[in-house]
Amino acid sequence: KTWMHTPEALSKHYIPYNAKFLGSAEVEQPKGTEVVRDAVRKLKFARHIKKSEGQKIPKVELQISIYGVKILEPKTKEVQHNCQLHRISFCADDKTDKRIFTFICKDSESNKHLCYVFDSEKCAEEITLTIGQAFDLAYRKFLESGGKDVETRKQIAGLQKRSSRSSRFWIQDLETENMELKNKVQDLENQLKVTQVSTSPAGSVAPKSPSTDIFDMIPFSPASHQASVPARNGTQPPPVPSRSTEIKRDLFGAEPFDPFNCGAGDFPPDIQSKLDEMQRQRWRGSKWD
C-alpha cells in the first residue's frame, strides 16, 4: 500500500491532528460498523443537548504513532487519554458524514470497550488512514525484531503480570471456598448428631443379638422357645402349632384317654392302686414271655 507518511514519522515521532472531541461511549462489541454507528448517534444527540445549553464541543489534539493515539488538550498539552495501539480494535470514518471518524479502544482499568468519536471538517478519512498505517508499521516492526521489541516486551510483561496476579487471586478464592465447604459439612454433621440424640428414647438400650454355640446355633430356652425369633438367614421360622383347648369326645360322649396328659393325681387312691397292680403284673408277664 502507498501510505501518506514516512515510516520514520510514525515510528520515531508522531503525526499531529486537530479535531473536536464528541466524547466516548461504552459498547458491547470490540468492532463493527453498526456498533460504531449506534455510539455516534448517541454522542451526537448528547452533544446537541449540550450545544443547546450553550456548551461548545471541546477541541483536542491527536498524536498518532506506532505506540498509540494520545488525546491532548491543545493549549496545555495535557494528556486526557492515552489509547495504546494494541488496545485499539476498530477504526473507521463515517461514510455518510465525512466529518466524523471513530475508533474503539479497550480501557486498561475497567476492561470496557469504549468508542471514541471525533469531528474533523477536512481530514477525518486521513486520520483514519494514519491510524491504519501505524498498525501496519507496528506489526512489521514486531516481525522484524522477532518479538524482541522493547515496547512489545513491556506489553507482554504487563499481560503476564496481570495474568499471574489473577491466577493468584483465583487460587486464594478456591482455598477460601474449600474452607467454607468444609465448615458447612462439619456443621451438618454436628446437627445430625444432635438430632439423633434428641429423637432417641432416654435410657433405651440397643437389643443384643443372642449368643450362638460352636455350630452357630441359637441355644434353646424353654421360656422363649415359642417366641418369634428370626433365623440366621433372615427368614422367620414356622410358628409352633398350639394344642387346642377344646376336648374332643368319641361316639359315646366319653373323653379319649391320653396317657401323656393323665397323672397319678387324676384318679382316686383305690383305683390308682389297682391300676398300678395291673401294670406290674403285665410287666412281669411280658418279662417272662
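Residues numbered from 1 in each chain as written. Predicted model: local features only at pLDDT ≥ 70, side-chain atom pairs only at ≥ 80, totals over all residues. Heavy atoms only, no water.

An unreviewed UniProt entry annotates the chain as PTB domain-containing engulfment adapter protein 1 originating from Chinchilla lanigera. Database annotation for the chain, UniProt heading Subcellular location (unreviewed entry): "Cytoplasm". Recorded under Sequence similarities (unreviewed entry), the UniProt text for the chain is reproduced unchanged: "Belongs to the ced-6 family." (UniProt positions renumbered as here; feature names shortened; annotations may be inferred.)

(A) Structural context of the packing of aromatic side chains. A complete count under the given rule lists 5 aromatic pairs for this structure. Considering the side-chain rings of Phe 21 and Tyr 116, the 6.2 Å spacing of their centres and the 20 degrees angle between planes classify their relative orientation as stacked. With Phe 21 in strand E1 (residues 15–27) and Tyr 116 in strand E7 (residues 113–119), this pair connects stretches of sequence that are 95 residues apart. Take Phe 21 and Tyr 116: they sit in the same class, and that class is buried. Look at Phe 21 and Phe 118: their rings are 5.1 Å apart centre to centre, the planes differ by 25 degrees, and that puts the pair in the stacked class. Here the residue Phe 21 occupies a position in strand E1, and Phe 118 occupies one in strand E7, the gap between them amounting to 97 residues. A single burial state applies to Phe 21 and to Phe 118, both of which are buried. (Phe/Tyr/Trp six-rings, centres within 6.5 Å; stacked < 30°, edge-to-face > 60°. Helix = DSSP H or I, 4+ residues; strand = E, 2+ residues; numbered from the N terminus. Buried < 20%, exposed > 50% of the residue type's maximum accessible area, 1.4 Å probe, protein only.)

(B) Just the pattern of salt bridges, in detail. Inspection of every chain in the model, using the stated rule, returns 8 salt bridges. In this structure, Lys 44 engages Asp 97 in a salt bridge whose closest nitrogen and oxygen atoms are separated by 2.8 Å. Pair noted here: Lys 44 is in helix H2 (residues 33–52) and Asp 97 is in the loop between strand E5 (88–93) and strand E6 (100–106), with a separation of 53 residues, a long-range link. You can call Lys 44 partly exposed: its relative accessible area is 26%. (Salt bridge = Lys/Arg side-chain N within 4 Å of Asp/Glu carboxyl O.)

(C) Representation of the nonpolar core in the model. In terms of nonpolar packing, the biggest core is built from 27 residues, with Leu 62, Ile 64, Phe 103, Tyr 116, Phe 118 and Ile 127 touching the most fellow members. Counting residues per element, this core draws most heavily on helix H3 (residues 124–144), at 5 residues. One finds Leu 22, Val 35, Val 36 and Ile 100 within the second-largest nonpolar core, a separate group that totals 12 residues. (Core = buried A, V, L, I, M, F, W, Y, C linked by side-chain atoms within 4.5 Å.)

(D) Quick peek at the state of the cysteines. In total, this model carries 0 disulfides according to the counting rule given. The thiol of Cys 83 is unpaired, and the distance to the nearest cysteine sulfur, on Cys 105, comes to 4.1 Å. Looking at Cys 83, the relative accessible area reads 2%, which means it is buried. (Disulfide = S-S within 2.5 Å.)

(E) Local environment of H3. Compared with an ideal rise of 1.5 Å per residue, which puts 21 residues at 30 Å, H3 spans 31 Å between its outermost C-alpha atoms and is within 8% of the ideal. Every buried residue of H3 is listed here: Ala 124, Ile 127, Thr 128, Thr 130, Ile 131, Gln 133, Ala 134 and Leu 137. As for H3, its buried residues are in contact with helix H1 (7–11), E1, strand E2 (59–65), strand E3 (68–72), E5 and E6. Once H3 finishes, Gly 146 follows within two positions and takes phi at roughly 65 degrees, a positive value. (Expected span 1.5 Å × (residues − 1). Contact = heavy atoms within 4.5 Å.)

(F) Region of the structure containing the sheet that holds E3. Taken together, 7 strands build an open sheet; the order of strands is E4-E3-E2-E1-E7-E6-E5 and the sheet is antiparallel. Only two strands of the sheet have a single partner each, and these edge strands are strand E4 (79–84) and E5. Adjacent strand axes in the sheet meet at a mean angle of 30 degrees, parallel and antiparallel pairs treated alike. Examined bridge by bridge, E1 and E7 share 7 bridges and lie antiparallel to one another. From the neighbouring strand, Val 27 faces E7, where its bridge partner is His 113. Seen against the sheet, H2 touches E1, E5, E6 and E7 and runs at an angle of roughly 95 degrees to E1. Here H3 sits on the sheet and contacts E1, E2, E3, E5 and E6; the angle it forms with E5, its principal contact strand, is near 150 degrees. (Pairing = 2+ DSSP bridges. Axes fitted to C-alpha atoms, helices over the stretch in contact; angles between N-to-C directions.)

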